[in-house]
Amino acid sequence: MVVECLKDQGVEVVFGYPGGAVLPIYDEVFQQNGIRHILVRHEQGAVHAAEGYARSTGKPGVVLVTSGPGATNAVTGLTDALLDSIPIVVLTGQVPTFMIGTDAFQEADTVGITRPCTKHNWLVQDTENLSSTIHEAFHVATTGRPGPVLVDIPKDVQFASAGYTPVKQVSTSHYQPQKKGDMASIEELVEAIETAKKPVFYTGGGVINSGTAASQLLRELVDGTGFPITSTLMGLGAYPASGDKWIGMLGMHGLYEANMAMHDCDLMINIGARFDDRITGRIDAFSPGSKKAHIDIDPSSINKVIRVDIPIVGDVGHVLEDVLKVWKSRGRKTDRAALGEWWNTIGEWRKVDCLKFEQKGSVIRPQHALARLEALTKDHDRYICTEVGQHQMWAAQYLGFEDPHRWMTSGGLGTMGYGFPASIGVQMAHPDSLVINVAGEASWLMNMQEMGTAVQFRLPVKQFILNNERLGMVRQWQELLHGERYSHSWSEALPDFVKLAEAFGAKGIKVDQAEDLDEAIKEMIAHDGPVILDCLVEKHENCFPMIPSGEPHNKMLLGEASTQDAIGTSGAVLV
Amino acid sequence: MSALHIKKGSTKHSAYNLRPQFSDVQETHTLALVVDNEAGVLARVIGLFSGRGYNIDSLTVAEIDHAGHRSRITIVTTGTPQVIEQIKAQLGRIVPVHSVNDLTVEGRSVERELALLKVEGTGDKRVEAMRLADIFRANVVDSTLESFVFEITGTPEKIDAFAELMSPLGLSEIARTGVAALSRGSVG
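Now for a quick tour of the structure. Per chain, the residues get numbers from 1 upward, laid out in the order the sequence is written. A letter from A marks each chain and a number from 1 marks each ligand, given out in the order of writing. At least 70 in pLDDT is required for a residue's local features to be given in this predicted model, at least 80 for side-chain atom pairs to be given and counted, and no such filter applies to totals for whole chains, interfaces and linings, which use all residues. For side-chain calculations, the full set of non-hydrogen atoms in the structure is used, while hydrogens and water are omitted.

### Looking at the sheet that holds strand β1 (residues 13-16) of chain A
All names here are of chain A. Paired strands, in this sense, are two strands between which DSSP finds at least two bridges. Helix and strand assignments follow DSSP, with helices taken as H or I runs no shorter than four residues and strands as E runs no shorter than two, numbered in order from the N terminus. With parallel pairing, the 6 strands of this open sheet are ordered in space as β2-β1-β3-β4-β6-β5. Edge strands, defined here as strands with exactly one partner in the open sheet, are β2 (36-39) and β5 (120-123). Adjacent strand axes in the sheet meet at a mean angle of 20 degrees when their direction is disregarded. Alignment of β1 against strand β3 (residues 61-65), held across 2 bridges, turns out to be parallel. What sits directly across from Phe15, in β3, is Val63. We call two residues in contact whenever any of their non-hydrogen atoms come within 4.5 Å of each other. Lines fitted to the C-alpha atoms define the axes, with helices restricted to the stretch that makes contact. Angles between their N-to-C directions range from 0 to 180 degrees. The sheet strands contacting helix α7 (residues 130-142) are β3, β4 (88-94), β5 and β6 (148-154), and the helix crosses β6 at an angle near 165 degrees.

### Considering the packing of helix α9 (residues 183-195) of chain A against helix α14 (residues 316-329) of chain A
Residues and elements named next belong to chain A. Contact pair α9 / α14: the axes reach a minimum separation of 9 Å and the direction vectors enclose 55 degrees. For the element pair α9 / α14, the angle class is oblique. In this structure, α9 meets α14 at a crossing whose hand is right-handed. Contacts between α9 and α14 involve Met183, Ile186, Glu187, Leu189, Val190, Ile193 and Glu194 on the former and, on the latter, Val319, Asp322, Val323, Val326 and Trp327. By the definition adopted for this analysis, an angle is roughly parallel if under 35 degrees, roughly antiparallel if over 145, roughly perpendicular if from 65 to 115, and oblique otherwise. Take the far helix as the reference: if the near one is turned anticlockwise from it by less than a right angle, the crossing is left-handed, and if turned clockwise, right-handed.

### Considering helix α12 (residues 256-264) of chain A
All names here are of chain A. Only protein chains enter the calculation, and the probe is 1.4 Å; a residue is then buried if its accessible area is under 20% of its type maximum, exposed if over 50%, and partly exposed in between. Counting buried positions over the 9 residues of α12 gives 8, a clear majority of the element. Those residues of α12 not exposed but buried are Tyr256, Glu257, Ala258, Asn259, Met260, Ala261, Met262 and His263. Check the buried side of α12 and you find it contacts β7 (199-203), β8 (229-231), β9 (246-249), β10 (267-271) and α15 (336-351).

### Quick notes on the environment of Ser489 of chain A
Residues and elements named next belong to chain A. Relative to the assigned elements, Ser489 resides in the loop between α21 (472-481) and α22 (497-503). Taking the C-alpha atoms as reference points, Ser489 and Asn121, separated by 368 residues in sequence, lie 37 Å from one another. Apart from residues no more than four positions distant in its own chain, Ser489 is found in contact with Arg470, Leu471, Val474, Arg475 and Gln478.

The following block contains the structure:
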């Protein structure tokens, strides 16, 4: 019945790992061909893979794991999906209903443990309710602000038979979040657009979650008004990086021009972002002179961190459609003269060229590695995943995203070990595309067991590891904020990644000379199978620009000038 | 040597903004929720308060519609206006929550609480307790030669006042239900 539900929901792929309490469902999986099951090597990997699948397709990702440890291993992935609003449906096995509460073998209070890390969860106690609950789970995961849901299914409920309720016959859920924005607020926003002298669009993952149409509408609005646009880490690709209104990512490691524009603007239009602390910096000095509008489908996001002047609760796609309609009907007005001035100011900031770097000598600088990766892969049908840390920020800075659903990264939770399994999920959804996971060696090792999955299912995922033998971001903070006391931020016993790849039956490449880099990247792309590219980079590179915590947007550190000495001396001390 | 020249006590030592962000004017609000009466719904509501660091001053919950599987939860909470708004929005996000009403701001409402108080004593104290109970219109629901159990209904303030008076007269135990509240007038 579970498999029938999934088919009814249009599910094609399930990521999972079997165990005692979920065997009846696995027996069903065995006896059918409609749904492909991907055997991961760890349940956390299953959830991240499902996240990668969901983010790259816009469809919900599905996970099937067993009770107890199977469920608890999924918790990190669930929390990750909750913070990044990714639609995931996790089905867990549970001990039989009559054994719940007896500390049975592999029993855990799954619904209790996952209550705060899911959008909603259910324990199915009667087979009669099984199909309707699973359909409701898909509805909740994908409606409103998307998120992870979990359905806990005891083993006796799996064995018993009952009537199947097809999705069409499930009674309408009371959970029906508002999609259309309030027209009076939309009119107010349009008026603000017409008179703004220094406007900026600040967009986030909500645009991508709202669907491709929302990205199209955003592009139309941005190009129509001629306003500059910046985006959070999660929103990259909604507006193309090559677009001339694009001023780069904002936030702690965002671009100088983007953060300065946020600080100095007089109208900030937040579309599907949530004023995260990595974005706002010091709150009492956040964009002090601006009128702020906020479009979000989740009412609890509004006024949570920053007080806004024009709140609009609704789906980004629907609201943008109405904004465009109203703006056009009123004559497509903007203050062109002031806007010209504003672009001149932004032009001055751009001249700072905050991402410039110089590749000197043979030691590969990570920025150079990513710039070369961008140059050699940008014309491919390309999907990028990342782990978490410095490499993630450099990837966001140096790679350009032209379309939504092309960029998979753990933003809210910052989960090291996310990228590799996510790349497996993406490759499942897009078997013929180039899927690259930009990784740091430490993050990558957190879920390295998934090499087994990649090899077994012949998923040609490319693992581009920027190996600095350090926990780079931790090291950077220790250097800048903790008196260069590098407490446990470096690894002494790293594996030989080439041999590691070979041990799993995959291909490994190692590169440590700048002049060999291009060749190595090309070799990685050309190989038809999973590849680990171990790219040894400068060990003490720091990630700039950077807004130090507790500082506003206009107090950015731009790199060399502010910390050159610190980097030089620390390098000598620590190798 | 730190590149940022951080002074001791500065928030820059943290990746987070440690400064308090909002005004600290505390308000007390009474919220009424209608929820699906399903397993775990109370845990979801309470977990939200503990997980996000909100206060619960009092909480009452009981089924109000058996056929429709609905329960009503009344929560009295304290926080800054911004926190109260967040609490309401977060409660509204919980899937089995059907409605969230802030009775403190949505027009006038009546609030009542019931309490049982055990008062032990003899002689003058016992007579005085009885006399005060009469003034507060508390009923005696159990009596021995050395003790009374009073039942009193009223606003939380009235019960506070009664309990305070009973304290020197031998108050030994108290049980309170927490606040139940409804808006005044017709629903429309």
